[in-house]
Amino acid sequence: MPTCRRKRVLLTQPSQTLLDALQAGTNKEVYYLAQTGEIFETYEAYAARMSFYRMKQFQCEVTGKSGLDYFEALESEQHEARTMHSRFPEPLKAAVLKAVQWQIMGRLDHLVEAVYERFKDRYYPDERVIIDVQGDKYFARVVQVFPPRPPLPIQSTSRLGSEEQASTSSSPLSDEEPSIHRIAEDMKIPVKEANIRDDPAKYYYKVQILEEERQPGAGKQSEKSKGKDKQSKYSGSLMDVQCADMSRDRLAFSKSILRRFIRDCVDRDAAVASPWTVKPGIAARYGVDTVMPDETRRDMETLKKGESDKRKKVWEDKEGPHKRQKKLSAAEELKATAERKEQEARDKETKAQKAKEEAERLAVEKKKKKPIRYPTEDLDVVLGDRDKKNGMKVKRPVPSRSAMPFGTDNATNEAFLMVWNFLNVYGQPLHISCFTMDDFEAAIRHSAPEPCPLIAEIHSTLIYNLRTVPFTRFNALISLAHLKQKVGPNDAVLGVSLETLEEGLGDIGNNWERAPLRHIEGRDGWEESLVGCLKDHATLENFPRLREVLTRLNWAIEDDEATSSSRGKPSPHAITSITPSSPRVQYPVLPTSDKVTILAFMCSMAVSSKSIHAHMEVCEEQLTALRKEKIEVNRTKKQYLEEMVAIMGESKEGTPKTNGAEEDTALQESSDLSDIPGSEGETETGSATPSGRPKLSRRKTQATERQLARARQANEKQKLAEHRRLDEEVNKLERRLEGIERDFRKLLGAIRVKPLGRDRFYNRIWWFDGMGSASLIGSGGAIQYGSGRIFVQGPSEFDNEVLERRDGDVKARRLEEEGEEGMLGVGEWAVYDTIESMDAFVAWLNPKGVRELALKNTLTKWWPHIGPGMRRRTADLTSTARAPEARRSTRTKQTGSDLSREPYMQWTNRRAVNSS
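What counts and how
- Residues numbered from 1 in each chain as written.
- Predicted model: local features only at pLDDT ≥ 70, side-chain atom pairs only at ≥ 80, totals over all residues.
- Heavy atoms only, no water.
- Helix = DSSP H or I, 4+ residues; strand = E, 2+ residues; numbered from the N terminus.
- Buried < 20%, exposed > 50% of the residue type's maximum accessible area, 1.4 Å probe, protein only.
- Areas by Shrake-Rupley, 256 points an atom, 1.4 Å probe, with all protein chains shown as cover.
- Pairing = 2+ DSSP bridges.
- Contact = heavy atoms within 4.5 Å.
- Polar contact = N/O pair within 3.5 Å; in protein donor to acceptor, adjacent residues only side chain to side chain.
- Salt bridge = Lys/Arg side-chain N within 4 Å of Asp/Glu carboxyl O.
- Core = buried A, V, L, I, M, F, W, Y, C linked by side-chain atoms within 4.5 Å.
- Patch = residues over 30% accessible without salt bridge, like charges linked within 9 Å, V, L, I, M, F, W, Y side chains within 5 Å.
- UniProt positions renumbered as here; feature names shortened; annotations may be inferred.
- Phe/Tyr/Trp six-rings, centres within 6.5 Å; stacked < 30°, edge-to-face > 60°.

A. View of the overall build of the chain. Helix and strand content of the chain: 36 helices and 20 strands. Every one of the 916 residues in the chain was classed for burial, and the buried ones make up 39%. Summing over all exposed atoms, the chain offers an accessible surface of approximately 53300 Å²; the carbon and sulfur share of this is 52%.

B. A look at the pairing of strand S19 (residues 790-793). Burial along S19 is two-sided: the residues Ile790 and Val792 and Phe791 and Gln793 are all buried. In this sheet, S19 lies alongside strand S18 (residues 764-766) in antiparallel orientation, the contact comprising 3 bridges. Following the sheet pairing, Ile765 is matched in S19 by Val792. The pairing of S19 with strand S20 (residues 829-832) spans 4 bridges and is antiparallel.

C. Looking closely at the pairing of strand S6 (residues 128-133). With 6 bridges joining them, S6 and strand S7 (residues 136-146) adopt antiparallel strand pairing. Looking at S7, one finds that Arg128 is bridged to Arg141. Linking two consecutive strands that pair antiparallel, namely S6 and S7, is a turn of 2 residues; a positive phi of about 55 degrees is found at Gln134 within it. Bridge analysis of S6 against strand S10 (residues 246-247) gives 2 bridges, and the strand direction is antiparallel. Following the sheet pairing, Ile130 is matched in S10 by Ser247.

D. Local environment of the sheet that holds S6. Spatial strand order, S9-S8-S7-S6-S10: 5 strands in an open sheet with antiparallel pairing. One side of each edge strand has no neighbouring strand; the edge strands of this open sheet are strand S9 (238-241) and S10.

E. Region of interest: the environment of Glu852. One can find Glu852 in helix H34 (residues 850-879). With residues up to four places along the chain from it excluded, the contact list for Glu852 reads Asp378, Arg758, Asp759, Arg760, Trp844, Leu845 and Asn846. Of note is the side chain of Glu852, whose polar atom sits 2.6 Å from the side chain of Arg760.

F. Layout of the environment of Glu414. Position of Glu414 relative to the elements: it lies in helix H16 (residues 410-425). Remark: the alpha-carbon pair of Glu414 and Val596, spanning 182 residues in sequence, is separated by 9.8 Å. The contact partners of Glu414, leaving out residues within four places of it in the chain, are Gln793, Gly827 and Trp829.

G. Highlighting the pattern of salt bridges. Enumeration according to the criterion identifies 52 salt bridges in this entry. Put simply, Lys395 and Glu821 hold a salt bridge, and the shortest N to O gap is 3.7 Å. With a gap of 426 residues between them, Lys395 in the loop between helix H15 (385-389) and H16 and Glu821 in the loop between helix H32 (810-817) and S20 connect regions that are remote in the sequence. The residue Glu828 makes a salt bridge to Arg401 at a minimum N-O spacing of 3.1 Å. Of the two residues, Glu828 is situated in the loop between H32 and S20 and Arg401 in the loop between H15 and H16; the sequence distance between them amounts to 427 residues. Using a relative accessible area of 24% as the deciding quantity, one classes Arg401 as partly exposed. Where salt bridges share partners, they join Arg396, Asp759, Arg814 and Glu818 into one cluster.

H. Geometry of the nonpolar core. Ranked by size, the top nonpolar core spans 93 residues in total, and within it Leu423, Phe440 and Leu462 carry the most contacts. By residue number, the principal contributor to this core is helix H26 (residues 592-606), which donates 9 residues. With sequence-adjacent residues up to four places away left out, Leu462 is seen in contact with Phe422, Leu423, Leu430, Leu599, Met602, Cys603 and Ala606. Formed by 48 residues, the second largest nonpolar core is a distinct cluster that contains Phe88, Ala99, Val133 and Val145.

I. Molecular detail of a nonpolar patch on the surface. Together, Val30, Tyr32 and Ile39 make up an exposed nonpolar region whose accessible area comes to about 270 Å². Along the polypeptide, Ile39 turns up in strand S4 (residues 38-40).

J. Up close: the UniProt feature "coiled-coil region" (unreviewed entry) in the chain. The UniProt record marks residues 616-643 with the feature "coiled-coil region" (unreviewed entry), using the residue numbering of this structure. Helix makes up 100% of residues 616-643 and strand makes up 0%, while its end C-alpha atoms are separated by 41 Å.

K. Here's a closer look at the side chain of Asn475. With respect to the element layout, Asn475 can be found in helix H20 (residues 475-487). In this view, Asn475 contacts Lys535, Asp536, His537, Ala538 and Thr539; residues no more than four positions away in its chain are not counted.

L. Spatial organisation of the packing of aromatic side chains. Considering all chains together, one arrives at 29 aromatic pairs under this definition. Relative to Tyr426, the ring of Phe422 has its centre 5.0 Å away and its plane inclined at 55 degrees; by these criteria the two rings are tilted. The pair Phe422 / Tyr426 is uniform in exposure class, with both members buried. Residues Trp766 and Phe768 carry aromatic rings whose centres are separated by 5.7 Å and whose planes lie at 10 degrees to one another, so their mutual orientation is stacked.

Okay, here's the thing in structure tokens:
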């Protein structure tokens, strides 16, 4: 039986309902599992059982192979069982099964050992054996077995002698078939006693040697003529042998084979002292008695009672002596009860005292607990008095929600950031130049009739891109038709019914995929192409505000300004008049949220275009090249630094301890000597005199020292020049590494946008500059910015669940460290837009936490670009003499001369393709 987690898998029995239906003769449809024979009442039960059988978690009980499904394990067991039954001697099977029937042994190994010792020297008729004839091995078959003769009475000595004489003339064995090995088969008789009463060494066996080709090692022996002669001599002959000259093939009979045979043929209940029983089908085949003898039943009951008493005694010893007391008198029982209560009270008091001591010990250990190894989980870090004295800030500076592009409208803010980031990251495949977030916000809020070039270029490039994305013609009209079937044709939104909306959209923008929208013509006609693009790509499922947007693009809706401004969006209850119009006229006066929604939908559809995918693949390849280049640059930088250290070491070793005093002395002496009059003459004339020799020798030594000093000085200058050269090379490599980091950020931003990090409360910190086609450094090394701000997004839903599940009052801590106005919920946004607020935020971050340490390191890494970008944005806003709050006014009528000087109106697309 296959096993699962070391337990046998039991087959599912039919339910009682099925059994009752069978007895009642009712026809009922069931699900039959042919491989196991199981029957199931429902398909769910059948499928669940089949799924269980198909799991790779079963093990073959015979071979030990694991990682199989149930049917593979069952097939493996059946294959091994067939192999084992074909090898195990057939005449021996019945004897072994009769011997093990009703045996009570705890372990199967003990049973196998007992059976092997009894049958290893006992053979049965028609059994195949190996005999030893004069040192050679032959296969033979047992023809007849002759047990030892019983001893005869003394008075029949003459007759016995005559029988012995007769037997020696013919054969010492009789032709009768008496019972053989009967005593040995009775496992109740000890093996030693059985061998004495029925000695296997006294048995004689008549065997017939098998044919030549069936002998062991016949192929090898056939190469020798002597072996052939012996085989031909004994093949087919009969001879009488004893067990000392006989043996079985180890592949047919051994302890392992015997163990597998017994385990396959017998079974045992899980109860205590249960006997081993032969399986009914096998017992019927080999004539094994299946009725338990009364003597065996009595022995089994005795063993069970003894085992139960033993376990009961162990339990009583464990429980205590009072459990074993005999029946006492009333007074003694009262006394014993009182003593027992006193003992229980003492035990309870002792336990309480031990618990108190254990609690005190744990409290002491907690105080002596090892210090926390930082960095650790941010919420486990608590500011102490020492940290506060060192200047660590307790409360985080509050990020501004009102400074977000659309205030507290979090959905519009998130869509706005996504659109701006998408357009700047994929500016190269979209053929659109980069623009700042402030310019984009001003362009979205542009409501004057004068065309805005930034808005026209953005929509035109997206329309060109969406022409390559597969679409369904009139997809929006089909979606509106389905809605009309549900709600009826007269259902109106903004005063326009579905029937009127479908009629009004009939011919607008039908050729949007062929409209030129040329750059040199100011993208004339992009508004109608936008309506056509929405008609073919949008549905009410992927663009829920499709109906409202199309209505506002094709009808001029006049509403109550007071009601509208109070609600932030036009209300259908404040509509005063509806006039058919055109998308070119109506787009500038669309609500800003609808403009952002349109662009967000178009960007989400453009992601699947071929040009965007191709750009991503190119960025992946460039990222791989940058990684390899970074490795090479770091390796070269390390080599240069090692050379610089070696040069500095040699310079220190070669420098004398007097710090050049010897060189100065030598030069001073040479200058003093050069001032002596007649020194040259003395060199020529006085050298011949004995008194001039010491002076000449001293001058030569001083000249040598001067040369050595000059050589050392030249060597030092050369090393210093080499050190400077290597230092310049290292500086170049560091600048290249900075460029690689900037390029890496640009390319990685085209594949996935990741936040700078998270703070202790899982708020995500975003910086969108320098990604994709946007650059952090302009021509001439000037700092460039895109957003010039740091955005803060509240925790995700998963992170929020982590905060809620955490022990302790996290909300109270957030109120203390963030403030009520600074706590951001899921999907909420805020912004830091000044250097002072960012400095305060960085000072608030605690590097003892893993998240804030990583965030602080990232901010420090990019601060040379974040800080200057924020300063330049502040300067640009100041130079325009327009506060951010004034820039957010909606539908403000301005003169054309004022608009033309606005930065967002002066933007030009330098990446536009001339043909488009």
